[in-house]
Structure formats: C-alpha cells, structure tokens
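A look at the structure
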Amino acid sequence: MCIRDRLYTEIYLFYDGGKLEESVPKSKYLFPILRKLDSRESEAQYLSLIGRKFYGLGDYPEAMKYYMQAQDVFEKNNIRTENYGLLLHNVGSVFKRQDNLKKALEYYETELALGREIKSQKIIAEGLYLAAGMYSELGDIKKGRKYNEMSLEIYEEMGSEQMIALLTGNMASDYAAAGNYNKAISSLQKALDIFQKNKEYDKIAWIQSSIANYNSKLGNHDKALNYIHKANENALKTTNKQLLRRTELAKSMAFIYYRKKDYKNAFDTYLEYIDLEDSLTNTEKLKVVGELESKYENEKKQAEIEILNKDKKLKAIELQKTEAEVAEQKMMRNVMFLIIGLIIVVAVVIYRGYRVNKKNNFLLSKQNDEINICLLY
C-alpha cells in the first residue's frame, strides 16, 4: 500500500473509529500529499471529513477550522459538486448547534441553490429538509411543512428508506406544534421502526427522546421516562454525536421530572444538562466559531480586492499602452504630413525653376534668331 492510500485509510479510521489522539497528528502528513498527487476536490473532501469528526465529538471550533479550509479549496477552484453541497450542510449544522438558526438557514438555502444549479436531486432534497427544520424553528411553520413535503416526495422517488424515516420524524414536530401529540407519536413510531431495523442508534435515541417529550406533555410521565432511559442507552452505543445526544436527553429528562412534579430529580438533572451544555457551547467556543467564519470571509474579500487591484493595474497598463500607440500614430501621421509637405514644396520649387529656365531659354533663342537675321542683311 502506498503512503497516500495508507493515510487515506487512517483518516477513515479516524472518522469511523474515534481514534482522535492517534489520527490527528498523522493526518497532517496527508494534505501535502493530496496537493501533489490528488485532485483539489479530494483535498477539500478530506478536510471536511476531519471537520465532521470534530463536530461529532462536540468540538465545534476545531470542526469549523477544517470546514473553512475545505470551503476555501472548493471556492478557489470553482468546484460545484455534491461534495461541496455536503460541506455547506456541515457548516450550517455548526451554526444550528450554536443556536444561530438564521445563519444555519443561510447555508442550507445555499446548498439547495447549488443542488438546483448542478441538478442533483440528492442535494436538493437534503437542502429542503434542512431548511425546513430552520423555518419551523424560526416560526414559519407553513414554509417548513412545505419544504418537508417537497423533500419527502424526492426521497420517496429515490427510495431512500433512511431519509423517509428521518422526514417522517421531522414532520411529527409539525403535528406537535398544532397540539396533536398522539399523531406526532404515531408518526415517530413509524420512523423508529425503520431506524431500529437498521440499528441506527443515534437516530433511535433522537426518536425515542421525542416520543418521551410528547408522552410527557400528554401526562404519561412514567412512559416518557422509560423512553428517555432507552434513548440514553442507545446514545451510548455510538461515538457519533454522543455528547450532543446526551446533552439533549438530559434537558428532556429534566423537563419530564418537572412536569411530574419531581422537583429534586428535575433540579439534579438540569444541573447535569448545564454541565454537558457548557462542554458543547461555552462562550469561548461561540467566539472562536464566529472568528473563524469572519476570518474566512475577510480572507475571501481580501482576495477579491487583490483581484480587483490587479484588474485595475492591468487596465491602467492597457490604457498607457493604448495612449502610447495613439501618440505614436499621431507622430507618424505628423511626420507623413511633413514629408508630403516637403515633397510638395520641393516639387513647386523644381517646377518654378523649370518654368524660369524654359522662359530664359526661349528669350535666349529669340535673341539668337534676331542676331542671325541682322547678319544676313
């Protein structure tokens, strides 16, 4: 196996196996090799892959650092592919987890626009379902439902069972928003059956948590706690988004205890939630994420300014060149006019000299004739 292929394998192990401390130092050797031996898209794809791993571990600033590097490669090389769409999804998700829903929506809508541009049903459907969630959370339930339905239609045409389950679960929140918790639970149960069949523990934990919340709102607190405990067990079966799921579950459990009027457990569980939340989204992390995006945007603007300045310099050089050519043509024209003028003057002088000589010769010839006549007589 060549060095490049071995490093590729290590990056995949890093992503799937959670071997963070082993793979990060080694991954640094990958990027110079990618730049020399592989396409720019592969370079961006692996940067995004590493960022995704940090995202799953809840380290959003580190994830954002790699995402911004990947986005820079995609944009500088004008790579408009599905991989770029997936990166836009990932960046939007960082902002979503930081509760910056409007910024997340901006990235999801950009992904949707890219999907339509490159005619990718996969990216269109993904952009729709991601944006749908943001519209719903921002209060535009009608648009959120419309986007969900459009996305679900595409995934049904594609036969994507996993995404059908995911969207069915998402649409449960619309039913809950209308106060129809039984219908929401029924919808979630359909999604849960699919995820359990495929052993997708992260998704199972998410669905069970939602079922727990809606049962609690119906007054079925013991049933809700049963689902929450099951969700915790499933969250611990995966390294992907484990910290995120545990944080969400702790918050849900605290509210279930509160509705049950078990205030001691509610208070203890809420303190646990705060500790977990702090490890995900403390003030410094929020600041770093914002700084990283601002830095990327500033670098992009600076590059655009440099391009504009280069264009201005080129235009100035072209203008100087044009002005020099015009001046040279004007000088050549003046020289030609001068030469033509001189030729005309010389011609006039020669012609006048010729006329004078001709007249003098005529007079001289006439005088000779007169002399000759006198001699004859």
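Everything quoted here is computed from the prediction, not taken from an experiment.

What to know about the confidence of the model for the protein
The predicted model of the protein averages 79 in pLDDT, with 66% of residues at 70 or higher. Across the protein, helix α7 (residues 101–118) holds the top mean pLDDT of 95, while helix α2 (residues 20–27) sits lowest at 52.

A closer look at the pattern of salt bridges
When the charged atoms of two side chains with opposite charge come close together, those side chains can pair. Tallied over the full model, the rule gives 11 salt bridges. Here Glu 248 makes a salt bridge to Arg 97, at a shortest N to O gap of 3.3 Å. Of this pair, Glu 248 sits in helix α14 (residues 242–259) while Arg 97 sits in helix α6 (residues 82–97), placing them 151 residues apart in sequence. Measuring nitrogen to oxygen at the nearest pair gives 3.4 Å for the salt bridge that ties Glu 106 to Lys 103. One end of the pair, Glu 106, and the other, Lys 103, are both in helix α7, three residues apart, so they sit about a helical turn from each other.

Concerning a nonpolar patch on the surface
On the surface, Phe 255, Phe 267, Tyr 270, Leu 271 and Ile 274 cluster together to form a nonpolar patch covering roughly 450 Å² of accessible area. For the nonpolar patch, the leading source of residues is helix α15 (residues 263–280), giving four residues. By the secondary structure assignment, Tyr 270 is in helix α15. Residue classification places Tyr 270 among the partly exposed residues on the basis of a relative accessible area of 36%.

What about the packing of aromatic side chains?
This structure, assessed with the given rule, holds eight aromatic pairs. The ring of Tyr 227 carries Lys 230 above its face, with NZ or CZ at 5.6 Å from the centroid.

Let's talk about helix α9 (residues 141–158)
With 18 residues, α9 should cover 26 Å at 1.5 Å per step; its first-to-last C-alpha distance of 26 Å lies within 8% of that length. For α9, the complete set of buried residues consists of Gly 144, Tyr 147, Asn 148, Ser 151, Leu 152, Ile 154 and Tyr 155. For α9, the angular spread of buried residues about the axis comes to 165°, placing them on one side. Residues of α9 that are exposed and point more than 90 degrees away from the buried face comprise Lys 142, Lys 146 and Glu 157. Turning to α9, the residues buried within the fold contact α7, α8 (121–137) and α10 (161–177). Backbone geometry just downstream of α9 places Gly 159 in the positive-phi region, at approximately 70°.

Side note on unusual backbone geometry
With a phi angle near 50°, Asn 78 is a residue other than glycine that sits in the positive phi range. The residue Asn 78 is located in the loop between α5 (60–76) and α6 in this model. On the accessibility criterion, Asn 78 (58% relative accessible area) is exposed.

Thoughts on the environment of Leu 166
Mapping Leu 166 onto the fold places it in helix α10. Residue Leu 166 is classed as buried on the basis of its relative accessible area, which comes to 9%. For the pair Leu 166 and Ala 191, spaced 25 residues apart in sequence, the C-alpha to C-alpha distance is 6.5 Å. Ignoring sequence-local partners within four residues, the contact set of Leu 166 consists of Tyr 129, Phe 195, Lys 203 and Trp 206.

A short note on the environment of Ala 104
Within the element layout of this structure, Ala 104 appears in helix α7. Relative accessible area serves as the criterion here: at 0%, Ala 104 is assigned to the buried category. Along the backbone, Ala 104 and His 89 are 15 residues apart, and their C-alpha atoms lie at a distance of 8.6 Å.

So, α5
For α5, with 17 residues, the first-to-last C-alpha span of 24 Å sits near the 24 Å given by 1.5 Å per residue. Of the residues making up α5, those classed as buried are Tyr 60, Pro 61, Ala 63, Met 64, Tyr 66, Tyr 67, Met 68, Ala 70, Gln 71, Val 73 and Phe 74. You can read the cap of α5 off the contacts: a side-chain oxygen lies 3.4 Å from the backbone nitrogen of Glu 62, and it is on Asp 59. Following α5 by one or two positions, Asn 78 has its phi on the positive side, about 50°.

Considerations on the nonpolar core
Among the nonpolar cores identified, the biggest contains 74 residues, and Val 91, Phe 195 and Ile 207 are the most heavily contacted of them. In contact with Phe 195, not counting residues within four places along its chain, are Gln 162, Ala 165, Leu 166, Glu 200, Lys 203, Ile 204, Trp 206 and Ile 207.

So, the side chain of Asn 90
Note that Asn 90 resides in helix α6. Accessibility expressed as a relative area gives 9% for Asn 90, which makes it buried. Non-local contacts of Asn 90, meaning those with residues more than four positions away in its chain, are made with Ser 48, Arg 52 and Tyr 67.

Structural notes on the environment of Asp 59
In this structure, Asp 59 sits in the loop between α4 (40–56) and α5. Looking at Asp 59, its side chain comes within polar contact range of the main-chain nitrogen of Glu 62, at 3.4 Å.

Cut-offs used in this document
Residues numbered from 1 in each chain as written. Predicted model: local features only at pLDDT ≥ 70, side-chain atom pairs only at ≥ 80, totals over all residues. Heavy atoms only, no water. pLDDT = per-residue confidence, 0-100. Helix = DSSP H or I, 4+ residues; strand = E, 2+ residues; numbered from the N terminus. Salt bridge = Lys/Arg side-chain N within 4 Å of Asp/Glu carboxyl O. Patch = residues over 30% accessible without salt bridge, like charges linked within 9 Å, V, L, I, M, F, W, Y side chains within 5 Å. Areas by Shrake-Rupley, 256 points an atom, 1.4 Å probe, with all protein chains shown as cover. Buried < 20%, exposed > 50% of the residue type's maximum accessible area, 1.4 Å probe, protein only. Phe/Tyr/Trp six-rings, centres within 6.5 Å; stacked < 30°, edge-to-face > 60°. Lys NZ or Arg CZ within 6 Å of the ring centre and 35° of its normal. Expected span 1.5 Å × (residues − 1). Arc of directions from axis to C-beta. Contact = heavy atoms within 4.5 Å. Polar contact = N/O pair within 3.5 Å; in protein donor to acceptor, adjacent residues only side chain to side chain. Core = buried A, V, L, I, M, F, W, Y, C linked by side-chain atoms within 4.5 Å.

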